[in-house]
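Observations on the three-dimensional arrangement
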Amino acid sequence: MSATGPDSGAVSPPPLPLHVVEQFALGLQLRNQGYRGRFAPSPTGPLHAGNLRTALLAWLGARLAGGVILLRIDDLDAPRNRPGAVEAIQADLAWLGLTWDGPVELQSRQRGLYATVLSGLRRGGWLYPCRCSRRMLADVSAPHGASPIYPGTCRRQPPDWSARGGRLPSWRLRLPPGSIRWQERYAAPGCLDAATQVGDVVLRRADGFLAYHLATAVDELRLGITEVVRGVDLWPATGPQVALMGLLGMAPPAYGHVPLLCDGRGQRLSKRDGAEGLEGMRRRGLDAPAVIGLLAAGAGLVPAGSRLSATELLQEVRPQSLAQALQA
Ligand code: GLU
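Thresholds, definitions, all that
- Residues numbered from 1 in each chain as written.
- Predicted model: local features only at pLDDT ≥ 70, side-chain atom pairs only at ≥ 80, totals over all residues.
- Heavy atoms only, no water.
- Helix = DSSP H or I, 4+ residues; strand = E, 2+ residues; numbered from the N terminus.
- Rg over C-alpha atoms; globule rule 2.2 N^0.38 Å.
- Buried < 20%, exposed > 50% of the residue type's maximum accessible area, 1.4 Å probe, protein only.
- Contact = heavy atoms within 4.5 Å.
- Areas by Shrake-Rupley, 256 points an atom, 1.4 Å probe, with all protein chains shown as cover.
- Lys, Arg positive; Asp, Glu negative; His and termini not counted.
- Charge placed at Lys NZ, Arg CZ, Asp CG, Glu CD.
- Near = heavy atom within 4 Å.
- Polar contact = N/O pair within 3.5 Å; in protein donor to acceptor, adjacent residues only side chain to side chain.
- Nonpolar A, V, L, I, M, F, W, Y, C, P; charged D, E, K, R; others polar.
- 1 Å grid on protein atoms, 1.4 Å probe; cavity = no way out; pocket = protein on both sides within 12 Å on 5 of 7 lines; lining within 4 Å.
- Points joined across faces, edges and corners; volume = space filled by probe spheres on them.
- Pairing = 2+ DSSP bridges.
- Axes fitted to C-alpha atoms, helices over the stretch in contact; angles between N-to-C directions.
- Expected span 1.5 Å × (residues − 1).
- Arc of directions from axis to C-beta.

1. Considering the overall build of the chain
A count of helical and extended segments in the chain gives eleven helices and ten strands. Taking 20 Å as the expected radius of gyration for a compact globule of 328 residues, we find that the chain reaches 20 Å, a close match to that expectation. Taken over the C-alpha atoms alone, the chain extends approximately 60 × 40 × 35 Å along its principal axes. In the chain, which comprises 328 residues, the proportion classed as buried is 52%. Looking at the chain alone, contacts between residues at least 24 apart form 77% of all its contacts between residues at least 6 apart. Summed over its atoms, the accessible surface of the chain is roughly 14,800 Å², and 54% of this surface lies on carbon and sulfur atoms. Side-chain charges of the chain comprise 36 positive and 26 negative groups, with the mean position of each set lying 6 Å from the other.

Written out as structure tokens, the structure reads:
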């Protein structure tokens, strides 16, 4: 990816204050210590079987590598958060024996950091104000789902950051043209064309909400994440996140986008549709070894009907078999 946008006038690396540069430098040091993974649920409800399987795979990948796994809670989009969900997520993971390292990382505690990075990007010429309609911005808060590529309408306008008609503009990333590439552990390397397949994503919504892409890119760097294991529905989100990390002068982690669990009708499980969580499974009489067996069998790691604890699964699975199961 080129470092400057040719159609953008004066752009330069984002000027970041020393405390931010230091946080990224610390993240880089952590990265050099070995495998550092994370599981990053949104507290929009209890984890369903698909989320739990992703958590298991992220945990397994880290533990098999003798590495670290962090629990990050993506709670920036406050209206979507459900009371008690953060505690429920922790309790569910603990019940399954999926331990994590260090304190739980709440994105809501890092708003100041994200805002500082954002203003650095703005001062460096990497953002522009956008007043396109709400419908066009509908993709911003949710990390999932196919989002339309922004046609760049406001990119070519003289920037006006002020409120108009009582409404502030949203802030879009002026994405430099070129290919955005990243390493995939279980699939061909990721590659997206910035202009035609990613587009200028919103980093700050008109209502002041900071976007998931910004927070996630900053967090992977700050926390020194080397491996991101998450659902394949987030594959397209990797483009803007990797591009942002590049603009901040940093290499991205490697990614393992894992298949999603689908219901009987082939639809991916979703919290919105009330997909079953641990509570339902417990009501059906399943205990933790049964659930681990079910999740692991679903990922092709153990035979169907297996009953085993998370620690026993760790002893059972070889790193190569994890890779093979996920490549399939
Ligand atoms: N919090 C988002 C989710 O639950 C994104 C996770 C990620 O980047 O791994 O889907």
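From this point on, the discussion continues.
2. Quick word on the site of the ligand
The environment of the ligand is made up of nine residues, and the closest members are R38, A40, S42, D74 and Y212. Between D74 and the ligand, the recorded distance is 2.6 Å, taken from a side-chain N or O atom to a nitrogen atom. At 2.7 Å from an oxygen atom of the ligand is found a side-chain nitrogen or oxygen belonging to Y212. About the coverage of the ligand: the protein hides 90% of its 300 Å² of free accessible area. Considered class by class, the residues forming the shell around the ligand number four nonpolar, two polar and three charged.

3. Quick notes on empty space enclosed by the protein
Applying the stated criterion across every chain yields a total of two cavities of 30 Å³ or more. Reported here for the second largest cavity is a volume of approximately 70 Å³. F39, A55, W59, I69, L70, L71, L93, L98, T99 and W100 together form the lining of the second largest cavity. Where the lining of the second largest cavity is concerned, the elements lending two or more residues are α2 (49–64) and β2 (68–73). Top element by residues in the lining of the second largest cavity is β2. It accounts for three residues. Partitioning the lining of the second largest cavity into residue classes produces nine nonpolar, one polar and no charged.

4. Things to note about the sheet that holds strand β8 (residues 202–204)
Pairing is antiparallel in the open sheet, where three strands are placed in the order β4-β5-β8. Sheet topology places β4 (127–130) and β8 at the edges, where each strand pairs with a single neighbour. The average undirected angle you get between the axes of adjacent strands in this sheet is 45°. Bridge count for strand β5 (residues 170–173) against β8 is two bridges, and the pairing is antiparallel. Bridging across to β8, R172 finds its partner in V202.

5. Things to note about the pairing of β5
A two-sided burial pattern is seen for β5, the buried positions comprising S170 and R172 on one face and W171 and L173 on the other. Strand direction decides the pairing type here: β4 and β5, joined by four bridges, are antiparallel. What sits directly across from C130, in β5, is S170.

6. Notes on helix α4 (residues 111–123)
Spanning 13 residues, α4 covers 18 Å between terminal C-alpha atoms, matching the ideal 18 Å at 1.5 Å per step. Every buried residue of α4 is listed here: L113, Y114, V117, L118, G120 and L121. End-on view of α4: buried residues confined to an arc of 160°, all on one side of the axis. Just downstream of α4 lies G125, where phi reads positive at about 90°.

Function-wise, these values are silent; they only describe arrangement.
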